[in-house]
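Spelled out from the first residue to the last, the chains are:
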Amino acid sequence: MDLAWVIFWALGISISTGLGAYVVRYHRDLGLPILMTFFAIYIVGGNILVPRLVSLDMAVTTQVLTSGSIIWPFTAQLSDMINEIYGRNKAYISIGMAYLANLMFVVFVYTAMQATPLWDGPREAIWQDYFGVAPRILLASGISFMITNGLDATLFAILKRKFLQWERNAPWPAFLGLASARSTVTDVISQAMDPWIFLHLAFIGTMPESTIVAIATGTMWAKIVLSAADVPFFTAFKALTRDVKRDF
């Protein structure tokens with residue numbers, strides 16, 4: 001297993017988790033915009049990285065997937081962090097604002113494409129090929145994002161309302177176990193659905209169904225593994241903010 005990508009992956013998640021927990025705990029009013037900013041960064045970053053395919057060695061499996069898929073599962077964790085403290089409606093707003101940020105980035109790219117480049121043709125062709133994502137791909141990504149993240153936020157809010165009082169009074173081992181279980185269930189469901197929705201909307205009719213199924217299956221398992229790896233970070237966030245006021 002190549003540890004280089006794991007180190008950078010863990011660094012990024014540690015920053016967003018640690019800083020998010022600190023601000024939520026000591027400056028609760030600032031916590032929401034900061035978590036929303038991290039959420040938008042991960043959404044836009046994940047979509048910027050989509051065109052680059054990589055072979056990812058995750059010890060238990062090696063899969064070919066887009067490099068954006070490496071960080072994408074943590075978008076569900078950030079949605080959970082917002083939902084945990086500020087409630088379901090704020091999570092929905094965060095999802096909408098993150099999608100708007102991604103849409104604005106796409107508009108900026110197409111705006112830049114209209115200007116005359118000064119570098120040579122081959123470099124411009126590479127740039128256009130990388131950033132000039134087909135409208136169908138963008139639409140598929142947006143629809144998949146809204147469905148899966150909306151489902152994640154809804155399921156998480158239901159489980160939070162059902163078990164939060166129990167968690168508050170539970171001893172630490174039970175508290176951490178309940179926190180991990182709640183995040184794992186919602187994130188695995190949403191991340192498992194994402195590749196099937198996206199790939200079918202993006203490529204149905206342009207490649208064989210067997211190819212779409214093969215890619216979706218590999219991506220699904222990779223995202224499930226990465227979602228499971230994300231869970232300790234959410235559990236740490238919950239532990240660090242255990243006595244912070246929760247909204248529903």
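Sequence order sets the numbering: in each chain, residues are counted from 1 along the sequence as written. With pLDDT at 70 or above as the cut-off, local features in this predicted model cover only qualifying residues; side-chain atom pairs require 80 or more to be listed or tallied, and sums for whole chains, interfaces and linings still use all residues. Remark: hydrogens and water are excluded; side-chain values derive from all non-hydrogen atoms of the structure.

Asker: Can you break down helix H5 (residues 88-113) residue by residue, with the values?
Answerer: Numbering of helices and strands runs from the N terminus; a helix is a DSSP stretch of H or I covering at least four residues, while a strand is a stretch of E covering at least two. In this analysis, the expected span of each helix is defined as 1.5 Å times one less than the number of residues it contains. In a regular helix each residue adds 1.5 Å, so 26 residues correspond to 38 Å; H5 covers 38 Å between its end C-alpha atoms and thus fits that length. For every residue, the accessible area obtained with a 1.4 Å probe (protein chains only) is divided by the maximum for its type, and the residue is called buried under 20%, exposed over 50%, and partly exposed between those limits. Three or more residues of H5 are buried, namely Ala91, Ser94, Ile95, Ala98, Asn102, Val106, Val109 and Met113.

Asker: How would you sum up a nonpolar patch on the surface? Please name residues and give values.
Answerer: To count toward a patch, a residue needs a relative accessible area above 30% and no salt bridge. Like charges then connect within 9 Å, nonpolar side chains (Val, Leu, Ile, Met, Phe, Trp, Tyr) within 5 Å. Only the protein chains shown count as cover for residues, and all accessible areas are computed by the Shrake-Rupley method using a 1.4 Å probe. Each reported salt bridge corresponds to a side-chain nitrogen of Lys or Arg within 4 Å of a carboxyl oxygen of Asp or Glu. Together, Ile93, Met97, Leu100, Leu103, Met104, Val107 and Phe108 line one region of the surface with nonpolar side chains, adding up to about 630 Å² of accessible area. Position of phenylalanine 108 relative to the elements: it lies in helix H5.

Asker: Describe the confidence of the model for the protein, naming the residues involved and giving the relevant values.
Answerer: When pLDDT is averaged along the protein, the result is 88, and 99% of the positions lie at 70 or above. Per-residue confidence from the prediction method is given by pLDDT, with values spanning 0 to 100. Considering each helix and strand of the protein separately, the mean pLDDT is smallest for strand S2 (residues 62-66), with a value of 78, and largest for helix H4 (residues 73-86), with 94.

Asker: Which residues make up the packing of aromatic side chains, and what values go with them?
Answerer: What describes a pair of aromatic rings is the distance from one ring centre to the other and the angle between the planes of the rings. Pairing of aromatic side chains requires ring centres within 6.5 Å, counting the rings of Phe and Tyr and the six-membered ring of Trp. Pairs whose planes differ by under 30 degrees are stacked, by over 60 edge-to-face, and all others tilted. Going through the model one piece at a time under the given rule, you end up with 13 aromatic pairs. With a centroid separation of 5.9 Å and an interplanar angle of 90°, the aromatic rings of tryptophan 9 and phenylalanine 233 are classed as edge-to-face. Of this pair, tryptophan 9 sits in helix H1 (residues 3-26) while phenylalanine 233 sits in helix H9 (residues 209-240), and the two are 224 residues apart along the sequence. Of the two residues examined, tryptophan 9 and phenylalanine 233, each falls in the buried class. Judged by centre distance (5.1 Å) and plane angle (45°), the rings of tyrosine 22 and tyrosine 26 are tilted. Of this pair, tyrosine 22 and tyrosine 26 both sit in helix H1, separated by four residues, roughly a single helical turn. The rule for a charge over a ring is simple: NZ of Lys or CZ of Arg within 6 Å of the ring centre, and within 35 degrees of the ring normal. Across from the ring centre of phenylalanine 248, 4.9 Å away, lies the NZ or CZ of lysine 160, which sits over that ring. Of note, lysine 162 hangs over the ring of phenylalanine 163, and the distance from its end group to the ring centre comes to 5.9 Å.

Asker: Please give an account of the environment of serine 227 that cites residues and values.
Answerer: Of note, serine 227 is situated in helix H9. Counting along the chain gives 131 residues from serine 227 to glycine 96, while the straight-line C-alpha distance between them is 22 Å. By the convention used here, residues are in contact when the closest approach between their heavy atoms is within 4.5 Å. In contact with serine 227, other than residues within four places in its own chain, are Pro73, Gln77, Asp187 and Gln191.

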